[in-house]
Amino acid sequence: MFKLSRNDLCWCGSGQKYKKCHLEKDNLLKKYKLEGYRIPSKNLIKTDIQIEGIKKSGDLTSRILDMLGEYICEGITTNEIDEKVYRFTIENGGIPATLNYKGFPKSSCTSVNDVICHGIPDETVLGSGDIINVDITTILDGYYSDSSRMYTIGEISDEAQRLVTTAKECLETGINSIQPYESLNNQGIAIERHADENGFSVVRDLGGHGIGMEFHQEPHVHHFDTSENNMILVPGMVFTIEPMINEGMFFARLMDDGWTVKTVDGGLSAQWEHTIVVTETGAEILT
Ligand code: MF3
Ligand code: CO
Ligand code: CO
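If you're wondering where the values come from, they're calculated on a predicted model, not measured in any experiment.

Criteria and thresholds
Per chain, residues are indexed from 1 in the order of the written sequence. Whichever chain is written first becomes A and whichever ligand is written first becomes 1, with later ones labelled in order. For this predicted model, a pLDDT threshold of at least 70 governs which residues receive local features, and a threshold of 80 or more governs which side-chain atom pairs are given and counted, while totals over whole chains, interfaces and linings are taken from all residues. Only heavy atoms go into the side-chain values, all of them from the structure, while hydrogens and water stay out. To qualify as a helix, a DSSP run of H or I must reach at least 4 residues; to qualify as a strand, a run of E must reach at least 2; elements of each kind are numbered from the N terminus. Exposure categories follow from relative accessible area, calculated using a 1.4 Å probe and restricted to protein chains: below 20% of the type maximum is buried, above 50% is exposed, and the middle band is partly exposed. Metal sites are built from N, O and S donor atoms within 2.8 Å, or 3.2 Å for Na, K and Ca, and they leave out water, so they may look incomplete. Geometry is assigned from the angles between donors: four donors with all angles from 85 to 135 degrees make a tetrahedral site, four or six donors whose opposite pairs exceed 155 degrees while the rest stay between 65 and 115 make square planar or octahedral sites respectively, and everything else is labelled irregular. The term nonpolar core refers to a set of buried residues drawn from Ala, Val, Leu, Ile, Met, Phe, Trp, Tyr and Cys, joined through side-chain atoms within 4.5 Å. Note on contacts: a residue pair is in contact if any heavy atoms of the two residues lie within 4.5 Å. Pairing between two strands is assigned when DSSP locates at least 2 bridges connecting them. Axis geometry follows a simple rule: fit a line to the C-alpha atoms, using only the stretch in contact for helices, then measure angles between N-to-C directions, giving values from 0 to 180 degrees. Each patch is built from salt-bridge-free residues with over 30% relative accessible area, joining like charges within 9 Å and nonpolar side chains (Val, Leu, Ile, Met, Phe, Trp, Tyr) within 5 Å. Shrake-Rupley sampling with a 1.4 Å probe provides the accessible areas, and residues are treated as covered by the protein chains on show and by no other component. Think of a salt bridge as a Lys or Arg side-chain nitrogen and an Asp or Glu carboxyl oxygen that are within 4 Å of each other. Positive: Lys, Arg. Negative: Asp, Glu. His and the chain ends are not part of the count. The atoms used to mark charge sites are NZ of Lys, CZ of Arg, CG of Asp and CD of Glu. The aromatic pairing rule takes the rings of Phe, Tyr and Trp, using the six-membered ring of Trp, and pairs them if the centres are within 6.5 Å, calling planes under 30 degrees apart stacked, those over 60 edge-to-face and the rest tilted. Throughout this description, the term charge over a ring refers to an Arg CZ or Lys NZ atom that lies within 6 Å of the ring centre and within 35 degrees of the ring normal.

K.L.:
Requested: an account of unusual backbone geometry, with residues and values cited.
P.N.:
Looking along the chain, the bond that leaves Glu-218 and enters Pro-219 is cis, with omega of -5 degrees. Take Pro-219: it is sitting in strand β8 (residues 217-221). Its identity as a non-glycine residue notwithstanding, Asn-100 has a phi of 70 degrees, on the positive side. With respect to the helices and strands, Asn-100 occurs in the loop between β1 (95-96) and β2 (109-112). Take Asn-100: its relative accessible area is 61%, and that puts it in the exposed class.

K.L.:
I'd like a description of the coordination of the cobalt ion (ligand 3), backed by residues and values.
P.N.:
In the first shell of the cobalt ion (ligand 3), the protein supplies Asp-146 (OD), His-209 (NE2), Glu-242 (OE) and Glu-273 (OE), at 2.1 to 2.2 Å from the metal. For the cobalt ion (ligand 3), the six donor atoms are set out with angles of 50 to 165 degrees between them, so the coordination reads as irregular. Donor residues binding the cobalt ion (ligand 3) come from one chain and are separated in sequence as D-x62-H-x32-E-x30-E.

K.L.:
Break down the nonpolar core for me, citing the residues and quoting the values.
P.N.:
Residues Ile-131, Phe-239, Ile-241 and Ile-245 are the most contacted members of the largest nonpolar core, which totals 35 residues. Only α1 (23-34), α4 (158-176), α5 (185-197), β9 (238-241) and β14 (274-278) provide two or more residues apiece to this core. Excluding its chain neighbours within four sequence positions, the residues that come into contact with Ile-245 are Leu-163, Ala-167, Cys-170, Ile-191, Ala-195, Phe-200, Ser-201, Val-202, Leu-268, Ser-269 and Ala-270. In this structure, Leu-65, Leu-68, Val-85 and Tyr-151 belong to the second largest nonpolar core, which totals 17 residues.

K.L.:
So, the coordination of the cobalt ion (ligand 2): which residues are in play, and what are the values?
P.N.:
Of the protein atoms, only Asp-135 (OD), Asp-135 (OD), Asp-146 (OD) and Glu-273 (OE) coordinate the cobalt ion (ligand 2), at distances of 2.1 to 2.3 Å. Classification of the site at the cobalt ion (ligand 2) as irregular follows from its six donor atoms and the range of 59 to 170 degrees in their angles at the metal. Each donor residue of the cobalt ion (ligand 2) belongs to the same chain, with the gaps between them written as D-x10-D-x126-E. The metal-metal distance between the cobalt ion (ligand 2) and the cobalt ion (ligand 3) is 3.3 Å, with Asp-146 serving as a donor to both. Placement of the pair is Asp-146 in strand β5 (residues 143-152) and Glu-273 in the loop between β13 (269-271) and β14, with a sequence separation of 127 residues. What makes Asp-146 buried here is its relative accessible area of 3%.

K.L.:
Please set out the sheet that holds β13 residue by residue, giving values where relevant.
P.N.:
Pairing is antiparallel across the open sheet formed by three strands, whose spatial order is β6-β10-β13. Strands with a single pairing partner mark the edges of an open sheet, and in this sheet they are β6 (201-202) and β13. Pairing of β6 with strand β10 (residues 244-246) involves two bridges; the strand directions are antiparallel. Its bridge partner lying in β10, Ser-201 is registered against Asn-246. Those strands touched by α4 are β10 and β13, and its axis lies near 35 degrees from that of β13.

K.L.:
Give me the lowdown on a positive patch on the surface, citing residues and values where you can.
P.N.:
Taken together, the side chains of Arg-6, Lys-17, Lys-19 and Lys-20 present a region of like positive charge at the surface. Position of Lys-17 relative to the elements: it lies in the segment before α1. For Lys-17, a relative accessible area of 40% corresponds to the partly exposed category.

K.L.:
Give me the lowdown on the pairing of β9, citing residues and values where you can.
P.N.:
In the case of a regular strand, side chains alternate between the two sheet surfaces. Burial along β9 is two-sided: the face carrying Val-238 and Thr-240 and the face carrying Phe-239 and Ile-241 are both buried. Pairing geometry for β9 and β14, over four bridges, is antiparallel. Each residue of the ladder has a partner; that of Val-238, found in β14, is Val-277.

K.L.:
Break down the pattern of salt bridges for me, citing the residues and quoting the values.
P.N.:
A full pass over the atoms with the stated rule returns six salt bridges. In this structure, Asp-66 and Arg-149 form a salt bridge, with 2.8 Å as the shortest nitrogen-oxygen distance. Here Asp-66, found in helix α2 (residues 48-71), pairs with Arg-149, found in strand β5; they are 83 residues apart in sequence, far enough to count as distant. Judged by relative accessible area, which is 42%, Asp-66 ranks as partly exposed. Residue Arg-162 pairs with Glu-159 through a salt bridge whose shortest N-O separation is 3.4 Å. Note that Arg-162 and Glu-159 are positioned in helix α4 at a spacing of three residues, about one turn of the helix.

K.L.:
Describe the packing of aromatic side chains, listing the residues and the values that go with them.
P.N.:
Counted by the stated rule, this structure contains five aromatic pairs. When the ring of Tyr-144 is compared with that of Phe-215, the centres are 5.9 Å apart and the planes differ by 35 degrees; the resulting orientation is tilted. Highlighted residues: Tyr-144 in strand β5 and Phe-215 in the loop between β7 (208-210) and β8, separated in sequence by 71 residues. The exposure class assigned to Tyr-144 is buried, which follows from its relative accessible area of 17%. Overall, the relative accessible area of 8% leaves Phe-215 in the buried class. On the numbers, 4.5 Å between centres and 35 degrees between planes, the contact of Phe-250 with Phe-251 is tilted. One residue, Lys-31, lies across the ring of Tyr-32, its end atom 5.6 Å from the ring centre. One Lys or Arg, Lys-84, reaches over the ring of Tyr-71 and ends 4.9 Å from the middle of that ring.

Limitation: the analysis is restricted to geometry and does not speak to function.
Set out below in structure tokens:
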């Protein structure tokens, strides 16, 4: 790496002297590195133009999920939800990122009851008491955004409602824990604590991911306390937070279709997801 002097112009293009701009932050990152943390490589830090692009994509993803809020009801099939997603996405200039992604056949993931994630839309009819996660990833002008929400059908049990609410709170507390120049693990600690306090568990085999000009990038985001979340966050990093919260044990099992992931114990699972960007003061939600 080249070496900047204190009085040189900062590398970031602010026009300020290095000592008044990024010098202190760079030194902090060096210190973290010596302590064994990973520092994000340049391609994980998005430019303002790229962040704008991801945000526009995120707006569309969010509008799709809003639209589904009006549409999803008792008696419809997950295929019908998927067809709606496909049409709405295309009509608004987007491309569903999951369609033909590594062989995934649909424009959305629909995960009902004990399905943790990556459920494939089919002829399953939604009935009263069901909970469903719909996960949407949209490509707009080459930019990816990824978000998911839970929808409840008819009358659901108090326990199911508590799970859905707790999973949403886990996402919120995870996002609120994000701080630049601090560890990615903050969100893992916060999410695991909130799930624990409510008697639920956090899925360990799947997590969030960097995103932007690709679907999945570094870092992998574990939603529980682990030394594998050892990346330091820097403004401009874009990634998803998408905790999967189980009613019972955290164990997950992949079904024979190669996609659908279910709870091993048959308990319910709930998930909410946002794409976020790390800012100078915390995180901004892009979806
Ligand atoms: N949107 C999912 C995520 O949050 C990924 C779906 S990939 C698929 O990472 F192939 F299963 F659709
Ligand atoms: Co997703
Ligand atoms: Co995701």
